[in-house]
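# Tertiary structure, described
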Amino acid sequence: LAKTTQPISMDSYEGQEVNITCSHNNIATNDYITWYQQFPSQGPRFIIQGYKTKVTNEVASLFIPADRKSSTLSLPRVSLSDTAVYYCLVGDDQAGTALIFGKGTTLSVSS
Amino acid sequence: NAGVTQTPKFQVLKTGQSMTLQCAQDMNHNSMYWYRQDPGMGLRLIYYSASEGTTDKGEVPNGYNVSRLNKREFSLRLESAAPSQTSVYFCASSEPGQGFYGYTFGSGTRLTVV
């Protein structure tokens, strides 16, 4: 799996848009970019996945430039409940591989 | 409710004791995983089972053994617990080919070794 680099922590206020950038310079052709969210005392849960360009769902948007060496998770109008750790993962889901998590980005949202 | 069930939820062990953490999933997933998470850290992969009958080491396998009992169940055993194994343990399952979005995690087992 390609190594990823993301900020250790970020702070925001309610109602703001938050952008978390992940660097993955060694991404392979078949790799997808996946983001997970983890609340305290819970297991991680899937947020969004993409391969190129832009992906949007009811929770977030994922922006991927043409060279795919980085990606940006965008959370619109965050609330206190968005305080969590966000993990960027890159890889090709084939039998015999497993998700390897880094330390993630701890997002703290204040009122 | 469909998902991944872990037992027990909490456990305190004395150094040198052994125990088995149980994990079961009812989503008919082929792959199952065990992770540990220390305070302020990300999850680290201990062992995984890509399919029934196979197991492979992850990032931090030392001090642990696993058994893929059947397609539904994947257990993690600590033969001689050490304080360094104090952690929160998460089990997960997935179906290969559905993308990394398909991982489902259990609620965790909080283990303290004194």
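Reference entry: report on the structure contained in this document. (Residues numbered from 1 in each chain as written. Chains lettered and ligands numbered in written order. Predicted model: local features only at pLDDT ≥ 70, side-chain atom pairs only at ≥ 80, totals over all residues. Heavy atoms only, no water.)

Let's shift gears to the overall build of chain B. The helix and strand inventory of chain B stands at zero helices and 11 strands. Listed N to C, the secondary structure of chain B is β-β-β-β-β-β-β-β-β-β-β in terms of helices and strands. Taking 2.2 N^0.38 as the reference for a compact globule, 114 residues should give roughly 13 Å; the C-alpha atoms of chain B span a radius of gyration of 13 Å, in line with that estimate. Overall, chain B is about 40 × 30 × 25 Å in size when its C-alpha atoms are taken along their principal axes. The buried share of chain B, taken over its 114 residues, is 48%. Counting contacts in chain B only where the partners sit at least 6 residues apart, residues at least 24 apart contribute 56% of the total. Of the roughly 5,100 Å² of accessible surface on chain B, 48% is carried by carbon and sulfur atoms. (Helix = DSSP H or I, 4+ residues; strand = E, 2+ residues; numbered from the N terminus. Rg over C-alpha atoms; globule rule 2.2 N^0.38 Å. Buried < 20%, exposed > 50% of the residue type's maximum accessible area, 1.4 Å probe, protein only. Contact = heavy atoms within 4.5 Å. Areas by Shrake-Rupley, 256 points an atom, 1.4 Å probe, with all protein chains shown as cover.)

The subject of this paragraph is the state of the cysteines. Summed over all chains, the structure comprises two disulfides over all chains. Covalently, C22(A) is tied to C88(A) through a disulfide, its sulfur atoms 2.2 Å apart. Linking C22(A) and C88(A), the disulfide has an S-S dihedral of approximately -85 degrees and is accordingly described as left-handed. Remark: C88(A) occurs in strand 8 (residues 84-91) and C22(A) occurs in strand 2 (residues 18-23); sequence separation between them is 66 residues. Of the two residues examined, C22(A) and C88(A), each falls in the buried class. The disulfide partner of C23(B) is C91(B), and the gap between their sulfur atoms is 1.9 Å. Here the S-S torsion is close to -75 degrees, and the disulfide linking C23(B) with C91(B) is therefore left-handed. Highlighted residues: C23(B) in strand 3 (residues 19-25) and C91(B) in strand 9 (residues 87-94), separated in sequence by 68 residues. The class of C23(B) is buried, set by a relative accessible area of 3%. (Disulfide = S-S within 2.5 Å.)

Looking now at unusual backbone geometry. The step from T7(B) to P8(B) runs through a cis peptide bond, and the omega angle for that step is -5 degrees. As for its position among the elements, P8(B) is in the loop between strand 1 (4-7) and strand 2 (10-13). Even without glycine at this site, T53(A) takes up a positive phi of about 60 degrees. The phi torsion at R77(A) lies on the positive side, around 45 degrees, for a residue other than glycine. Within the element layout of this structure, R77(A) appears in the loop between strand 7 (70-75) and strand 8. The class for R77(A) is exposed, based on a relative accessible area of 64%.

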